[in-house]
Structure formats: structure tokens, C-alpha cells
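Listed below, chain by chain, are the residues.
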Amino acid sequence: MTAEEKKQKRKEYLRNYMQGWRKKNPQRNVEIQANYWARRLAKQAQQSNV
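Keep in mind it's a predicted model, so treat the numbers as computed, not measured. Residue numbering note: each chain is counted from 1, following its sequence as written. Restriction of local features to residues with pLDDT of at least 70 applies here, the model being predicted, together with a cutoff of 80 or more for giving and counting side-chain atom pairs; totals for whole chains, interfaces and linings are based on all residues. The side-chain values count all of the structure's non-hydrogen atoms but skip hydrogen atoms and water molecules.

Draft legend 1. Looking closely at the overall build of the protein chain. Labels follow the DSSP assignment, with helices taken as runs of H or I lasting at least four residues and strands as runs of E lasting at least two, numbered in each case from the N terminus. Counting its regular elements, the protein chain contains two helices and zero strands. The reference for a compact globule is 2.2 Å times residues^0.38; the radius of gyration itself is calculated from the C-alpha atoms. The globule rule puts the C-alpha radius of gyration for 50 residues at 10 Å, and the 16 Å found for the protein chain is more than 25% above it. Each principal axis of the C-alpha distribution contributes one length, and for the protein chain these read about 50 × 30 × 5 Å. Within the protein chain, the fraction of its 50 residues that count as buried is 2%. Only the protein chains shown count as covering a residue, and every accessible area follows the Shrake-Rupley method with a 1.4 Å probe. As displayed, the protein chain offers around 5,000 Å² of accessible surface, 53% of which is attributable to carbon and sulfur atoms. Positive residues here are Lys and Arg, negative ones are Asp and Glu, while His and the chain termini are left out of the count. Every charge is mapped onto a representative atom, which is NZ of Lys, CZ of Arg, CG of Asp or CD of Glu. Each charge sign in the protein chain was given a centre, from 13 positive and 4 negative side chains, and these centres are 7 Å apart. A 1.4 Å probe rolled over the protein chains alone gives each residue an accessible area, and that area as a share of the maximum for its type sets the label: buried under 20%, exposed over 50%, partly exposed in between.

This is the structure we're talking about:
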């Protein structure tokens, strides 16, 4: 198995794992998404004000 195949396999595994996790923890997933977007928008606003 080449390094590229290993990388792809790991990517697929993580994607599937996270999909399952989000289904099991919908409330926590919503919190994480909200925090992510709050940080991202704050950073974007900070950059546009500079």
C-alpha cells in the first residue's frame, strides 16, 4: 500500500467516524459548529478592520 493510499484510507475512516459521532452527539455538534463560526467570523471582521 502506497503512502497516498494510506492517506486516503485514513481520510475516509476519519470522515466516517466523525459522521457517526455527529449523529450520536447532535447537541454537542451544534455547539462546536456555533463556536467555529463565531471564531471564524470574528477573525474575518478583525482582518477587514485592519
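Next comes the rest of the write-up.
Draft legend 2. Structural context of the packing of aromatic side chains. The pairing test for Phe, Tyr and Trp rings, Trp by its six-membered ring, is centres within 6.5 Å, and the orientation test on the planes gives stacked under 30 degrees, edge-to-face over 60, and tilted for anything in between. Inspection of every chain in the model, using the stated rule, returns two aromatic pairs. Both rings, one in Tyr13 and one in Tyr17, keep their centres 6.3 Å apart while their planes meet at 25°; by these two values the pair is stacked. Here Tyr17 and Tyr13 lie together in helix H1 (residues 3-24), a separation of four residues that amounts to about one turn. Take Tyr17: its relative accessible area is 47%, and that puts it in the partly exposed class. Each ring, one from Tyr36 and one from Trp37, has its centre 5.2 Å from the other, and the planes form 80°; the classification is edge-to-face.

Draft legend 3. Local environment of the environment of Lys6. Considering the arrangement of structural elements, one finds Lys6 in helix H1. According to the relative accessible area criterion, Lys6 is exposed, its value standing at 52%. Here the alpha-carbon distance between Lys6 and Met18, two residues twelve residues apart in the chain, equals 18 Å.

Draft legend 4. The packing of H1 against helix H2 (residues 26-49), seen in detail. Direction vectors running N to C along H1 and H2 enclose 110°, while the axes themselves pass 5 Å from each other. Judged on the interaxial angle alone, H2 and H1 are roughly perpendicular. Across the interface between the two elements, Trp21, Arg22, Lys23 and Lys24 from H1 touch Pro26, Arg28, Asn29 and Ile32 from H2. All axes here are fitted lines through C-alpha atoms, helices being fitted over the stretch that makes contact, and every angle between N-to-C directions spans 0 to 180 degrees. These descriptions rest on fixed angle ranges, namely under 35 degrees for roughly parallel, over 145 for roughly antiparallel, 65 to 115 for roughly perpendicular, and the rest for oblique. The contact rule is simple, with two residues in contact once any of their heavy atoms fall within 4.5 Å.

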